[in-house]
Every structure is written in C-alpha cells, then in structure tokens.
Amino acid sequence: MNNRFIKGAVFAAAMAFLLTAAACGTTVPASGEAVQPTTEMKASGGAVTSASGTTADTSSAEETTTVTGVEVGEKRVSGLTLSYTTADIIVGQTLKYPLVSEDVPEIWTSSDESVATVDSVGNITGKGEGTCTVKVVSETDSSLGAEVKVTVRKNEGTQKIDGITYVDGILVANKSYALPESYAPGGLTSETYDAFQQLANDAAADGLSMSVISGYRSYDYQSELYNNYVSQYGQAAADRFSARPGYSEHQTGLAIDVNCADDSFTGTPEAEWLAAHCNDYGFILRYPKGKEDVTGYQYESWHIRYVGKDVAKKIREAADAAGDPDLTLEEYLHIDSYYH
Ligand SMILES: [Zn+2]
C-alpha cells in the first residue's frame, strides 16, 4: 500500500516535498516509522501452527535429486532426475508433475491412493491426510526410477482468533478480512525484521541497497493516511492503492514497502532483485502486476509480505504448478479481496 513520509499536520508539507523529490529507486533512508521488532508478537511469521502440528517439517525440496542410478561400464546412467522429490499439498490440490530429466516412457504409481493419486504423466493429487510415496520407473528399464515423498494435509480452513483471520494457518489482511482496531504489534514482527535484514545484507553484497520505507502502520495512522488520500484523490482512486483502516497489511507487522512506495521503484535493479529473491527469505511480492482484480490493489513492486520460508516455498511451488509465476496469496488460499 502506498505510503510516504506523510503524518498528520505535516501532510501538506510532505506532499510538497514529494513533488520535488527525486525518484527513489536506489538509496532512500528509512522513514521515521517504527520498524523495531517487539517481543509481544501474537503472530509468528504470520502463521499459526495447527493443532495437529502438521505444518512443521513438511516443506518440499527444491533442488533436483537423482534418486536411483545404475552403473553401466564406466558410464553412470543418471536414472530419472525429478524437479522435486518431496511434496506438501492439501487435500484436493493437484501438483504438476515433477519434470523428468530423460525422455523415456514412464510408469507412475502411488503407494497409497487414499492419500495421493498420480496420473500417467506424473500429476499428483492429494486425496486424504497422510504420507505416501509416488514412484516413477522407466517402462523399458524398471531399474531406473525415482520417487517423491508426498505429504497431504487437510486445509485448515478459515479460523478467527482474537478477531484476526487465519486461512490455512496464514494470517490474512486484505479487503475481505479486516484486522481489529486493537491489533497493534507496534512494529515489524521480529521474524519479519530479521528476514528483511538478511535480505538487505545479501542484496548489499550484490551492490544493491534495500531499506524499509514503511513497515508497521497502526490503525490510527492508516486511518489518517487513507483519509488524506480520499480527500486528495477521491475514495474510488484511493481504494486502488491505499487500504481503509483495519484492512492494511501494514497493520500486521508483516508487510514492508521497500525503498520507495511508488512506481519509480518499478524496473530498478532493486525491484528486479526483490522480485527474483524475496521468496528465498520468506517474503512474497504481494500485489503483482495484472492481479488487481484478485488482490484489490494496483501493482506494487515495492510491497512485500512476510509469510515465512516454508509458506513462501509452498506458494512458489503452487505458482510453478499453476504455471503462473505471479500467483497471489488470494489465489493460493482460494480467497477474495474486496470490500463487502
Ligand atoms: Zn505497502
């Protein structure tokens, strides 16, 4: 969500400043907003562990692994190399087949079809809670094979805890799901802060400068910000780039605007690095291009949301499976985002 250095009475002066400010794609000092972690976080990484604890340790491997190989003379036959060898899916979800390295006729089987089924090309569908193994062997040489360890979880559905909405264990704040006015972590959660520090350090090693231009925003501050935008641009326009109080992801302490919260950030090396790498640190680009109908917000190259590394990885896998690199949190969770 859009934000600059605007605060209450200094709004007019700040706007005048902004009109003369240079594009801020590279080095921008952090704003005066609180970005310190607090020790009183109710949410950790925006995720809650389910009662059954099924969210732990089931993340998928992203590296390619050769599971089975055979020696033929001096030449090592690599067998079948899969693009992933573990999968963590929910009941009803279909994961696109793990790309196989060799173009050989394959036979796919599941060790337990009540947990997951697999079709003739390797697409895996979650059927029931549990774990099983999906195997692939070469039709012509059954000694060539590989396997995927599959964990299937139930979608935890939507829970409301202290007025905060969690969908499948993930804290959600969008136009459909508001936060209570009283929810005030007071700063970025410590996990979010630490993850961003690591991201910024690694970006610095690549010669890029990343800083928090806007992190946590309180309900009252968002209210001020939004009302200022409404008086300046009208409500319809303001709703496309600024959240109404209670609906801002910045109130969660999990969202960060990087460097420059406007279009001048788009296309900068920092923006490209952020889009390519933020996922590795547990962040997602929250409002991708062309998804305004889904997220409720215009493209924001600078706004990232911390979901934790495990969830970020799952979202990336779901994006790969869907063939849509810009899969949004709304699409991942099958939820909407509009003012009801
Ligand atoms: Zn933002």
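The structure under discussion appears in the preceding block.
Residues numbered from 1 in each chain as written. Predicted model: local features only at pLDDT ≥ 70, side-chain atom pairs only at ≥ 80, totals over all residues.

## With respect to the overall build of the protein chain
Each helix and strand in the protein chain was counted, giving 8 helices and 18 strands. In the protein chain, buried positions account for 41% of the 340 residues. A separation of at least 24 residues holds for 69% of the contacts in the protein chain among residues at least 6 apart in sequence. (Helix = DSSP H or I, 4+ residues; strand = E, 2+ residues; numbered from the N terminus. Buried ≥ 20, exposed ≤ 12 C-beta atoms within 10 Å, placed from the backbone. Contact = placed C-beta atoms within 7 Å.)

## Describing the nonpolar core
Residues Cys 278, Phe 283, Ile 284 and Ile 304 are the most contacted members of the largest nonpolar core, which totals 51 residues. The element best represented in this core is helix α2 (residues 190-205), accounting for 5 residues. Setting aside residues no more than four positions away along its own chain, Cys 278 makes contact with Leu 199, Phe 283, Ile 284, Leu 285 and Ile 304. Ile 89, Ile 124, Cys 132 and Val 137 belong to the second-largest nonpolar core, a separate cluster that totals 19 residues. (Core = buried A, V, L, I, M, F, W, Y, C linked by C-beta atoms within 7 Å.)

## Focus: the sheet that holds strand β17 (residues 283-287)
The antiparallel open sheet is built from 4 strands, whose spatial order is β15-β16-β18-β17. The open sheet has two edge strands, β15 (212-214) and β17, and neither has a second partner. Here the average twist between neighbouring strands, direction ignored, is 50°. With 4 bridges joining them, β17 and strand β18 (residues 300-306) adopt antiparallel strand pairing. Bridge pairing in β18 places Ile 284 opposite Arg 305. Contacts from α2 reach β15, β16 (255-258), β17 and β18, with the element oriented near 130° to β18. (Pairing = 2+ DSSP bridges. Axes fitted to C-alpha atoms, helices over the stretch in contact; angles between N-to-C directions.)

## Brief notes about the sheet that holds strand β5 (residues 86-90)
Taken in spatial order, the 4 strands line up as β5-β11-β10-β7 in an open sheet, and their pairing is mixed. In the strand order of this sheet, the two ends are held by β5 and β7 (106-110), each with one partner. Each strand of the sheet is rotated relative to its neighbour by a mean of 25°, with strand direction disregarded. In the sheet, strand β10 (residues 130-138) pairs with strand β11 (residues 145-153) via 8 bridges, with the strands oriented antiparallel. Looking at the pairing, Thr 133 lines up with Lys 149 of β11.

## So, the environment of Tyr 216
Checked against the element boundaries, Tyr 216 lands in the loop between β15 and α3 (219-233). Separated by 38 residues in sequence, Tyr 216 and Leu 254 have C-alpha atoms that sit 7.4 Å apart.

## Observations concerning helix α5 (residues 269-277)
An α-helical turn contains 3.6 residues, so any two residues separated by three or four positions project in the same direction. Listed as buried for α5 are Glu 270, Ala 271 and Leu 274. Projected down its long axis, α5 shows its buried positions confined to an angular sector of 100°, all on one face. (Arc of directions from axis to C-beta.)

## Some points on unusual backbone geometry
In terms of backbone geometry, most residues other than glycine have negative phi values and most peptide bonds are trans. Positive phi outside glycine occurs at Asp 162, with the angle close to 50°. With respect to the helices, strands and loops of the structure, Asp 162 is situated in the loop between β12 (158-161) and β13 (164-167). Not every positive phi belongs to a glycine, and His 334 is a case in point at roughly 60°. The residue His 334 is located in the segment after α8 (329-333) in this model. The exposure class assigned to His 334 is exposed, which follows from the 12 C-beta atoms found within 10 Å.

## Some thoughts on the pairing of β11
The sheet contact formed by β5 and β11 spans 5 bridges and is parallel. Bridge pairing links Thr 86 to Lys 149 in β11. Between β10 and the antiparallel strand that follows it, β11, lie 6 residues.

## Things to note about the environment of Leu 327
Looking at where Leu 327 falls in the secondary structure, it is placed in the loop between α7 (309-322) and α8. For the pair formed by Leu 327 and Leu 285, sequence separation is 42 residues and the distance between their alpha carbons is 9.6 Å.

## With respect to α7
End to end, α7 covers 20 Å across 14 residues, agreeing with the expected 20 Å (1.5 Å per residue, within 8%). Turning to α7, its buried residues number three or more, namely Val 311, Ala 312, Lys 314, Ile 315 and Glu 317. After α7 finishes, the residue Gly 323 shows a positive phi value of roughly 65°. (Expected span 1.5 Å × (residues − 1).)

## Quick look at the environment of Asp 206
Mapped onto the fold, Asp 206 is located in the loop between α2 and β15. Here Asp 206 falls in the exposed class, since 11 other C-beta atoms lie within 10 Å of it. Along the backbone, Asp 206 and Trp 273 are 67 residues apart, and their C-alpha atoms lie at a distance of 9.2 Å.

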